[in-house]
Amino acid sequence: HRSQLDFHAGHTEGDCLRLVRGAVDTGSSSYFAELLDAWKRTAYGHEVPPTSALEALCTRWRTHFVQVEAAR
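Conventions adopted
Residues numbered from 1 in each chain as written. Predicted model: local features only at pLDDT ≥ 70, side-chain atom pairs only at ≥ 80, totals over all residues. Heavy atoms only, no water. Helix = DSSP H or I, 4+ residues; strand = E, 2+ residues; numbered from the N terminus. Expected span 1.5 Å × (residues − 1). Bend = angle between axes of the 7 residues up to and from the residue. Buried < 20%, exposed > 50% of the residue type's maximum accessible area, 1.4 Å probe, protein only. Phe/Tyr/Trp six-rings, centres within 6.5 Å; stacked < 30°, edge-to-face > 60°. Contact = heavy atoms within 4.5 Å.

Explain helix H3 (residues 51-65) to me, please; I cannot follow it from the model alone.
Structural remark: α-helix, 3.6 residues per turn; residues separated by three or four positions point the same way. With 15 residues, H3 ought to run about 21 Å at 1.5 Å a step, and its terminal C-alpha atoms sit 21 Å apart, in line with that. Its maximal kink placed at Thr59, H3 deviates by approximately 30°.

Following this line, the structure appears as structure tokens:
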């Protein structure tokens, strides 16, 4: 929402990645690509990433996609 990306049900993973690359900073774009790769390996390759990789993705989520409220 913060980047006002307009994902649609018919978008492929590649479509989503292109949208993200054009709308967010390089660090967040790289993170999204890594997250997407883990998703594709799991969904299509039935290859579960190592627990440490999943934990790292979860830990870094907030850095890239949670909007921090301004201090009052």
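Before we go on, may I ask you to explain unusual backbone geometry in this structure?
Peptide bonds are mostly trans, and most non-glycine residues show a negative phi. Here His46, not a glycine, exhibits a phi torsion of approximately 50°, which is positive. Locating His46 in the fold gives a position in the loop between helix H2 (26-43) and H3. We classify His46 as exposed; its relative accessible area is 69%.

Please explain the packing of aromatic side chains as it appears in this structure.
The description of two aromatic rings rests on the distance between their centres and on the angle between their planes. Inspection of the entire model under this criterion finds one aromatic pair. Geometrically, the ring pair formed by Tyr31 and Trp61 is edge-to-face, given 6.4 Å between the ring centres and 65° between the ring planes. Here the residue Tyr31 occupies a position in helix H2, and Trp61 occupies one in helix H3, the gap between them amounting to 30 residues. For Tyr31, a relative accessible area of 1% corresponds to the buried category.

Honestly, the environment of Val20 in this entry has me stumped. Any pointers?
Within the secondary structure, Val20 sits in helix H1 (residues 13-21). In this structure the C-alpha to C-alpha distance between Val20 and Ala33, which are 13 residues apart in sequence, comes to 9.0 Å. The residues contacting Val20, other than those within four sequence positions of it, are Leu5, Phe7, Ser29 and Phe32.

Structural measurements only, silent on function.
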